[in-house]
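# Summary of structural features
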Amino acid sequence: MVSKKRERIDIIYDMLVAIQRKGGEIKPTHLMYKANLAHRQLKSYLEELLEKNFVEKEKRGDKEVILITDNGLNFIEKIQEMRRFEDMFKL
Amino acid sequence: MIKLISFSNWFYGADIILDLLSLFIILVILFSSIKYFKLNKSNSKYKYLIASFSLLSFSFLAKVLSHIVIYSHDFATKQIGIINLTYQTISHSTTLVFWGILLYRIFSLLALYLFFLIYSEHIEKRTQILIVYLLVMLGFLSHTRFFAYHLTFSVLLLLNISSLIRRNKLHKTKQTSFLITGFSILFLSQLTFTFISLAPPIYLIGEAIQLIGYSTIFIGFFKVISNGVKKKRKN
(Lines give C-alpha, C1' and ligand atoms only; values in the text may rest on other atoms or scores of the structure.)
Protein backbone atom coordinates (compact mmCIF):
# COMPACT_ATOMS: atom_id res chain seq x y z
CA MET A 1 0.00 0.00 0.00
CA VAL A 2 1.34 3.47 -0.90
CA SER A 3 1.75 5.62 2.22
CA LYS A 4 0.19 9.09 2.12
CA LYS A 5 2.49 12.11 2.21
CA ARG A 6 2.36 13.83 5.60
CA GLU A 7 0.67 17.21 5.40
CA ARG A 8 1.90 20.21 7.38
CA ILE A 9 -0.87 19.78 9.94
CA ASP A 10 0.07 16.09 10.42
CA ILE A 11 3.70 17.04 11.13
CA ILE A 12 2.69 19.72 13.64
CA TYR A 13 0.32 17.22 15.30
CA ASP A 14 3.05 14.55 15.45
CA MET A 15 5.48 17.03 17.02
CA LEU A 16 3.00 18.14 19.68
CA VAL A 17 1.99 14.55 20.50
CA ALA A 18 5.67 13.58 20.76
CA ILE A 19 6.19 16.35 23.36
CA GLN A 20 2.98 15.41 25.21
CA ARG A 21 4.00 11.72 25.39
CA LYS A 22 7.35 12.72 26.86
CA GLY A 23 5.52 14.33 29.77
CA GLY A 24 5.19 17.79 28.24
CA GLU A 25 8.88 18.50 27.61
CA ILE A 26 11.45 17.18 25.17
CA LYS A 27 14.98 17.88 23.90
CA PRO A 28 15.13 19.21 20.31
CA THR A 29 17.17 16.23 19.06
CA HIS A 30 14.66 13.77 20.56
CA LEU A 31 11.81 15.68 18.97
CA MET A 32 13.58 15.47 15.61
CA TYR A 33 13.70 11.66 15.81
CA LYS A 34 10.25 11.22 17.38
CA ALA A 35 8.57 13.38 14.73
CA ASN A 36 10.72 11.87 11.96
CA LEU A 37 12.09 15.21 10.71
CA ALA A 38 15.30 16.52 9.17
CA HIS A 39 17.18 19.22 11.09
CA ARG A 40 16.13 22.00 8.72
CA GLN A 41 12.48 20.89 8.84
CA LEU A 42 12.55 20.80 12.63
CA LYS A 43 13.84 24.38 12.75
CA SER A 44 11.12 25.62 10.41
CA TYR A 45 8.26 23.81 12.19
CA LEU A 46 9.57 24.78 15.63
CA GLU A 47 9.51 28.44 14.63
CA GLU A 48 5.88 28.03 13.61
CA LEU A 49 4.99 26.29 16.88
CA LEU A 50 6.67 29.05 18.89
CA GLU A 51 4.94 31.73 16.83
CA LYS A 52 1.53 30.11 17.47
CA ASN A 53 2.36 29.75 21.16
CA PHE A 54 1.93 25.96 21.03
CA VAL A 55 5.38 25.44 22.62
CA GLU A 56 7.96 27.34 24.69
CA LYS A 57 11.73 27.05 24.83
CA GLU A 58 13.48 26.85 28.19
CA LYS A 59 17.20 26.88 29.04
CA ARG A 60 18.29 24.10 31.44
CA GLY A 61 21.99 24.70 32.12
CA ASP A 62 23.71 24.62 28.76
CA LYS A 63 20.89 22.62 27.18
CA GLU A 64 17.56 23.68 25.72
CA VAL A 65 14.19 21.94 26.21
CA ILE A 66 10.89 22.42 24.45
CA LEU A 67 7.75 22.60 26.57
CA ILE A 68 4.19 22.17 25.35
CA THR A 69 1.78 24.98 26.33
CA ASP A 70 -1.97 24.84 27.08
CA ASN A 71 -2.53 26.18 23.56
CA GLY A 72 -0.56 23.25 22.21
CA LEU A 73 -2.60 20.76 24.25
CA ASN A 74 -5.85 22.37 23.07
CA PHE A 75 -4.62 22.16 19.49
CA ILE A 76 -4.01 18.40 19.87
CA GLU A 77 -7.63 18.00 20.99
CA LYS A 78 -8.89 20.11 18.08
CA ILE A 79 -6.96 17.99 15.58
CA GLN A 80 -8.24 14.77 17.15
CA GLU A 81 -11.82 16.10 16.91
CA MET A 82 -11.22 17.09 13.27
CA ARG A 83 -9.88 13.61 12.50
CA ARG A 84 -12.96 11.98 14.06
CA PHE A 85 -15.11 14.28 11.90
CA GLU A 86 -13.12 13.32 8.80
CA ASP A 87 -13.52 9.67 9.80
CA MET A 88 -17.28 10.11 10.15
CA PHE A 89 -17.71 11.51 6.63
CA LYS A 90 -14.77 9.51 5.24
CA LEU A 91 -13.11 12.68 3.95
CA MET B 1 -49.85 25.93 -12.47
CA ILE B 2 -49.30 25.45 -8.79
CA LYS B 3 -51.41 23.10 -6.76
CA LEU B 4 -52.07 24.20 -3.21
CA ILE B 5 -53.07 21.42 -0.89
CA SER B 6 -55.27 22.52 1.97
CA PHE B 7 -54.51 20.97 5.33
CA SER B 8 -56.56 20.81 8.47
CA ASN B 9 -55.76 23.34 11.22
CA TRP B 10 -53.77 21.02 13.48
CA PHE B 11 -51.35 20.63 10.65
CA TYR B 12 -50.35 24.32 10.42
CA GLY B 13 -46.80 24.92 11.44
CA ALA B 14 -46.06 21.37 12.59
CA ASP B 15 -44.06 20.61 9.43
CA ILE B 16 -42.32 23.99 9.66
CA ILE B 17 -41.13 23.19 13.19
CA LEU B 18 -39.85 19.77 12.06
CA ASP B 19 -38.05 21.37 9.11
CA LEU B 20 -36.52 24.06 11.33
CA LEU B 21 -35.14 21.36 13.64
CA SER B 22 -33.63 19.55 10.64
CA LEU B 23 -32.23 22.88 9.42
CA PHE B 24 -30.63 23.47 12.82
CA ILE B 25 -28.83 20.09 12.66
CA ILE B 26 -27.65 20.80 9.10
CA LEU B 27 -26.34 24.23 10.13
CA VAL B 28 -24.44 22.80 13.13
CA ILE B 29 -22.68 20.29 10.85
CA LEU B 30 -22.07 22.98 8.20
CA PHE B 31 -20.38 25.40 10.64
CA SER B 32 -18.34 22.57 12.14
CA SER B 33 -17.11 21.47 8.71
CA ILE B 34 -16.06 25.08 7.99
CA LYS B 35 -14.21 25.12 11.33
CA TYR B 36 -12.37 21.86 10.56
CA PHE B 37 -11.63 22.95 6.98
CA LYS B 38 -9.81 26.01 8.37
CA LEU B 39 -7.56 23.57 10.25
CA ASN B 40 -6.93 21.31 7.27
CA LYS B 41 -7.23 23.30 4.05
CA SER B 42 -5.22 20.73 2.13
CA ASN B 43 -8.16 18.29 2.25
CA SER B 44 -10.17 19.33 -0.82
CA LYS B 45 -13.04 16.99 0.09
CA TYR B 46 -14.14 19.54 2.69
CA LYS B 47 -15.10 21.89 -0.14
CA TYR B 48 -17.65 19.39 -1.43
CA LEU B 49 -18.98 18.75 2.08
CA ILE B 50 -19.32 22.47 2.84
CA ALA B 51 -20.97 23.15 -0.53
CA SER B 52 -23.29 20.18 0.03
CA PHE B 53 -24.43 21.24 3.51
CA SER B 54 -24.71 24.91 2.42
CA LEU B 55 -27.07 23.94 -0.40
CA LEU B 56 -29.01 21.65 1.92
CA SER B 57 -29.49 24.47 4.44
CA PHE B 58 -30.58 26.87 1.64
CA SER B 59 -33.02 24.26 0.40
CA PHE B 60 -34.60 23.89 3.84
CA LEU B 61 -34.74 27.66 4.23
CA ALA B 62 -36.53 27.98 0.87
CA LYS B 63 -38.94 25.20 1.87
CA VAL B 64 -39.74 26.73 5.26
CA LEU B 65 -40.29 30.20 3.76
CA SER B 66 -42.55 28.88 1.01
CA HIS B 67 -44.59 26.87 3.53
CA ILE B 68 -45.01 29.95 5.70
CA VAL B 69 -46.37 31.70 2.59
CA ILE B 70 -48.73 28.78 1.87
CA TYR B 71 -50.16 28.82 5.39
CA SER B 72 -50.37 32.60 5.67
CA HIS B 73 -52.10 32.70 2.28
CA ASP B 74 -54.58 30.10 3.46
CA PHE B 75 -55.31 32.20 6.57
CA ALA B 76 -55.59 35.37 4.48
CA THR B 77 -58.17 33.89 2.16
CA LYS B 78 -60.14 32.71 5.17
CA GLN B 79 -59.99 35.95 7.12
CA ILE B 80 -60.23 38.68 4.46
CA GLY B 81 -63.09 37.22 2.55
CA ILE B 82 -62.99 39.86 -0.24
CA ILE B 83 -62.65 38.35 -3.66
CA ASN B 84 -60.19 40.88 -5.17
CA LEU B 85 -57.86 40.88 -2.19
CA THR B 86 -57.96 37.11 -2.01
CA TYR B 87 -57.07 36.88 -5.69
CA GLN B 88 -54.08 39.22 -5.21
CA THR B 89 -52.86 37.23 -2.23
CA ILE B 90 -53.09 34.00 -4.19
CA SER B 91 -51.20 35.34 -7.24
CA HIS B 92 -48.39 36.74 -5.05
CA SER B 93 -48.12 33.67 -2.92
CA THR B 94 -48.22 31.23 -5.86
CA THR B 95 -45.17 32.97 -7.36
CA LEU B 96 -43.32 32.86 -4.03
CA VAL B 97 -44.33 29.28 -3.36
CA PHE B 98 -43.37 28.26 -6.89
CA TRP B 99 -39.83 29.66 -6.50
CA GLY B 100 -39.50 28.47 -2.92
CA ILE B 101 -40.39 24.87 -3.72
CA LEU B 102 -38.37 24.96 -6.93
CA LEU B 103 -35.23 26.16 -5.13
CA TYR B 104 -35.83 23.64 -2.36
CA ARG B 105 -35.92 20.78 -4.87
CA ILE B 106 -32.98 21.95 -7.00
CA PHE B 107 -30.73 22.81 -4.03
CA SER B 108 -31.45 19.57 -2.18
CA LEU B 109 -30.75 17.43 -5.28
CA LEU B 110 -27.51 19.32 -5.94
CA ALA B 111 -26.56 18.99 -2.26
CA LEU B 112 -26.79 15.22 -2.42
CA TYR B 113 -24.93 15.18 -5.74
CA LEU B 114 -22.08 17.23 -4.21
CA PHE B 115 -21.98 14.78 -1.31
CA PHE B 116 -21.74 12.00 -3.88
CA LEU B 117 -18.75 13.79 -5.48
CA ILE B 118 -16.78 13.55 -2.21
CA TYR B 119 -16.31 9.88 -3.07
CA SER B 120 -16.31 10.25 -6.87
CA GLU B 121 -13.91 13.12 -7.59
CA HIS B 122 -12.56 11.21 -10.57
CA ILE B 123 -15.72 11.94 -12.62
CA GLU B 124 -14.82 14.10 -15.61
CA LYS B 125 -15.77 17.80 -15.26
CA ARG B 126 -17.95 17.74 -18.39
CA THR B 127 -19.91 14.79 -17.02
CA GLN B 128 -20.30 16.60 -13.69
CA ILE B 129 -21.72 19.66 -15.48
CA LEU B 130 -24.11 17.48 -17.47
CA ILE B 131 -25.40 15.81 -14.28
CA VAL B 132 -25.88 19.23 -12.63
CA TYR B 133 -27.86 20.38 -15.69
CA LEU B 134 -30.04 17.24 -15.61
CA LEU B 135 -30.72 17.62 -11.88
CA VAL B 136 -31.72 21.28 -12.33
CA MET B 137 -34.04 20.29 -15.17
CA LEU B 138 -35.50 17.50 -13.05
CA GLY B 139 -36.09 20.05 -10.27
CA PHE B 140 -38.13 22.14 -12.74
CA LEU B 141 -40.03 19.25 -14.27
CA SER B 142 -40.84 17.54 -10.98
CA HIS B 143 -43.12 20.49 -10.28
CA THR B 144 -45.90 18.56 -11.97
CA ARG B 145 -44.54 15.07 -11.15
CA PHE B 146 -43.34 15.50 -7.57
CA PHE B 147 -42.60 11.79 -7.11
CA ALA B 148 -39.80 12.13 -9.73
CA TYR B 149 -38.00 14.46 -7.30
CA HIS B 150 -38.44 12.11 -4.32
CA LEU B 151 -37.31 9.07 -6.35
CA THR B 152 -34.20 10.89 -7.64
CA PHE B 153 -33.43 12.07 -4.10
CA SER B 154 -33.79 8.45 -2.92
CA VAL B 155 -31.45 7.17 -5.66
CA LEU B 156 -28.80 9.78 -4.74
CA LEU B 157 -29.18 8.77 -1.08
CA LEU B 158 -28.68 5.10 -2.00
CA LEU B 159 -25.53 5.94 -3.97
CA ASN B 160 -24.13 7.86 -0.99
CA ILE B 161 -25.08 5.06 1.41
CA SER B 162 -23.26 2.48 -0.74
CA SER B 163 -20.12 4.71 -0.94
CA LEU B 164 -20.14 5.13 2.84
CA ILE B 165 -20.69 1.40 3.51
CA ARG B 166 -17.74 0.50 1.25
CA ARG B 167 -15.46 2.98 3.01
CA ASN B 168 -16.71 2.02 6.45
CA LYS B 169 -15.75 -1.60 5.78
CA LEU B 170 -12.13 -0.54 5.29
CA HIS B 171 -12.03 1.64 8.40
CA LYS B 172 -15.06 1.13 10.62
CA THR B 173 -16.20 3.93 12.94
CA LYS B 174 -19.36 4.34 15.01
CA GLN B 175 -19.85 7.86 13.69
CA THR B 176 -20.04 6.63 10.09
CA SER B 177 -22.48 3.90 11.11
CA PHE B 178 -24.76 6.62 12.51
CA LEU B 179 -24.35 8.59 9.27
CA ILE B 180 -25.27 5.51 7.20
CA THR B 181 -28.28 4.80 9.44
CA GLY B 182 -29.33 8.48 9.21
CA PHE B 183 -29.15 8.42 5.40
CA SER B 184 -31.12 5.16 5.35
CA ILE B 185 -33.86 6.75 7.46
CA LEU B 186 -33.86 9.76 5.12
CA PHE B 187 -34.31 7.28 2.27
CA LEU B 188 -37.40 5.89 4.04
CA SER B 189 -38.76 9.42 4.50
CA GLN B 190 -38.40 10.07 0.75
CA LEU B 191 -40.32 6.89 -0.03
CA THR B 192 -43.03 8.05 2.37
CA PHE B 193 -43.24 11.42 0.59
CA THR B 194 -44.02 9.70 -2.73
CA PHE B 195 -47.39 8.63 -1.24
CA ILE B 196 -48.50 12.13 -0.18
CA SER B 197 -51.31 12.20 -2.75
CA LEU B 198 -53.01 9.29 -0.95
CA ALA B 199 -53.54 11.29 2.27
CA PRO B 200 -52.05 14.66 3.35
CA PRO B 201 -51.08 13.44 6.88
CA ILE B 202 -48.56 11.09 5.18
CA TYR B 203 -46.57 14.26 4.52
CA LEU B 204 -46.25 14.93 8.25
CA ILE B 205 -45.22 11.30 8.88
CA GLY B 206 -42.54 11.72 6.20
CA GLU B 207 -41.37 14.94 7.85
CA ALA B 208 -41.13 13.20 11.23
CA ILE B 209 -39.14 10.30 9.71
CA GLN B 210 -36.90 12.87 8.02
CA LEU B 211 -36.22 14.58 11.35
CA ILE B 212 -35.36 11.19 12.91
CA GLY B 213 -32.89 10.70 10.02
CA TYR B 214 -31.17 14.04 10.61
CA SER B 215 -31.20 13.44 14.38
CA THR B 216 -29.41 10.11 13.85
CA ILE B 217 -26.73 11.92 11.83
CA PHE B 218 -26.52 14.46 14.66
CA ILE B 219 -25.93 11.65 17.21
CA GLY B 220 -22.97 10.53 15.09
CA PHE B 221 -21.70 14.10 15.00
CA PHE B 222 -22.23 14.44 18.76
CA LYS B 223 -19.95 11.42 19.22
CA VAL B 224 -17.25 13.34 17.32
CA ILE B 225 -17.40 16.15 19.89
CA SER B 226 -18.25 14.18 23.03
CA ASN B 227 -15.17 11.95 22.66
CA GLY B 228 -13.00 15.04 23.19
CA VAL B 229 -15.07 16.15 26.19
CA LYS B 230 -14.65 12.70 27.81
CA LYS B 231 -10.87 12.91 27.33
CA LYS B 232 -10.79 16.40 28.89
CA ARG B 233 -12.69 15.12 31.95
CA LYS B 234 -10.28 12.19 32.34
CA ASN B 235 -7.35 14.62 32.33
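Presented here is a report on the structure given in the accompanying data block.

### Quick notes on the packing of helix H1 (residues 8–21) of chain A against helix H3 (residues 39–51) of chain A
All names here are of chain A. Close contact between H1 and H3 brings their axes to 11 Å; oriented N to C, the two are set at 80°. Here H1 lies roughly perpendicular to H3, going by the angle between them. Along its contact with H1, which presents Arg8, Ile11, Ile12, Met15 and Leu16, the element H3 presents Leu42, Ser44, Tyr45, Leu46, Glu48 and Leu49. When its residues are assigned to classes, the contact of H1 with H3 shows eight nonpolar, one polar and two charged.

### Details of the interface of chain A and chain B
A common way to express how large an interface is: the accessible area buried when the components associate. The partner chain B presents 34 residues to the 17 residues of chain A that form the contact. Between chain A and chain B the total buried area reaches about 2,200 Å² when both faces are included, carbon and sulfur atoms providing 64% of it. When residues of chain A are sorted by the area they lose upon contact with chain B, Arg84, Met88 and Lys90 of chain A head the list and together hold 33% of the total. Here chain A and chain B share one salt bridge between them. When the shortest N-O distance is used, the salt bridge between Glu81 of chain A and Lys35 of chain B registers 3.5 Å. Taken together, chain A and chain B are joined by 12 residue pairs in polar contact (both at pLDDT 80 or more). Here the side of chain A that touches chain B gets 13 residues from one element, more than from any other, and that element is helix H4 (residues 70–89) of chain A.

### Digging into the packing of aromatic side chains
Aromatic rings in a pair are described by how distant their centres are and how their planes are angled relative to each other. On inspection of all chains with the given rule, the structure shows 18 aromatic pairs over all chains. Here Phe85 of chain A and Tyr36 of chain B contribute two aromatic rings whose centre-to-centre distance is 4.7 Å and whose plane-to-plane angle is 40°, an arrangement assigned as tilted. In this pair, Phe85 of chain A is assigned in helix H4 and Tyr36 of chain B in helix H1 (residues 14–39), connecting two distinct chains. The buried category is assigned to Phe85 of chain A, whose relative accessible area is 0%. Among the aromatic side chains, those forming a connected cluster through ring pairs are Phe85 and Phe89 of chain A together with Tyr36, Phe37, Tyr46, Phe53, Phe115, Tyr119, Phe183, Phe218 and Phe221 of chain B.

### Section: a nonpolar patch on the surface
Residues and elements named next belong to chain B. Where nonpolar side chains cluster on the molecular surface, the patch consists of Trp99, Leu103, Leu130, Tyr133, Leu134, Met137, Phe140 and Leu141 and spans about 780 Å² of accessible area. Those elements that provide at least two residues to the nonpolar patch are helix H3 (83–118) and helix H4 (125–141). For the nonpolar patch, the element with the most residues is H4, which contributes six residues. Examined against the element boundaries, Met137 turns out to sit in helix H4.

What counts and how
- Each chain carries its own residue numbering, running from 1 in the written order of its sequence.
- Whichever chain is written first becomes A and whichever ligand is written first becomes 1, with later ones labelled in order.
- Local features in this predicted model are restricted to residues whose pLDDT is 70 or higher, and side-chain atom pairs enter the listing and the counts only when it is 80 or higher, whereas totals over whole chains, interfaces and linings include all residues.
- By convention in this description, side-chain values take in all heavy atoms of the structure and omit both hydrogens and water.
- Angles here are taken between N-to-C directions and fall from 0 to 180 degrees, while the axes themselves are lines fitted to C-alpha atoms, restricted in helices to the stretch in contact.
- Numbering goes from the N terminus for both helices and strands, where a helix is a DSSP run of H or I of at least four residues and a strand is a run of E of at least two.
- Geometric relationships in this document are graded by angle, where less than 35 degrees denotes roughly parallel, more than 145 denotes roughly antiparallel, 65 to 115 denotes roughly perpendicular, and other angles denote oblique.
- In what follows, a contact means two residues having at least one pair of non-hydrogen atoms within 4.5 Å.
- Here the nonpolar group is Ala, Val, Leu, Ile, Met, Phe, Trp, Tyr, Cys and Pro; Asp, Glu, Lys and Arg are the charged ones; every other residue, Gly included, is treated as polar.
- Buried area is a sum: the accessible area each of two parts loses on coming together, probed at 1.4 Å, counted once for each and added.
- When a carboxyl oxygen of Asp or Glu lies within 4 Å of a side-chain nitrogen of Lys or Arg, that pair is called a salt bridge.
- We call two N or O atoms a polar contact when they sit within 3.5 Å, provided that within protein one can donate a hydrogen and the other can accept it, with sequence-adjacent residues counted only if both atoms are side-chain atoms.
- Stacked, edge-to-face and tilted are the three classes for Phe, Tyr and Trp ring pairs, Trp counted by its six-membered ring, which pair at centre distances within 6.5 Å; planes under 30 degrees apart are stacked, over 60 edge-to-face, the rest tilted.
- Exposed residues in this analysis have more than 50% of their type's maximum accessible area, buried residues have under 20%, and partly exposed residues fall in between, with area computed by a 1.4 Å probe over protein chains only.
- Each patch is built from salt-bridge-free residues with over 30% relative accessible area, joining like charges within 9 Å and nonpolar side chains (Val, Leu, Ile, Met, Phe, Trp, Tyr) within 5 Å.
- All accessible areas in this document rest on Shrake-Rupley with a 1.4 Å probe, and a residue is counted as covered only by the protein chains that are shown.

Function cannot be inferred from these measures alone, as they are strictly geometric.
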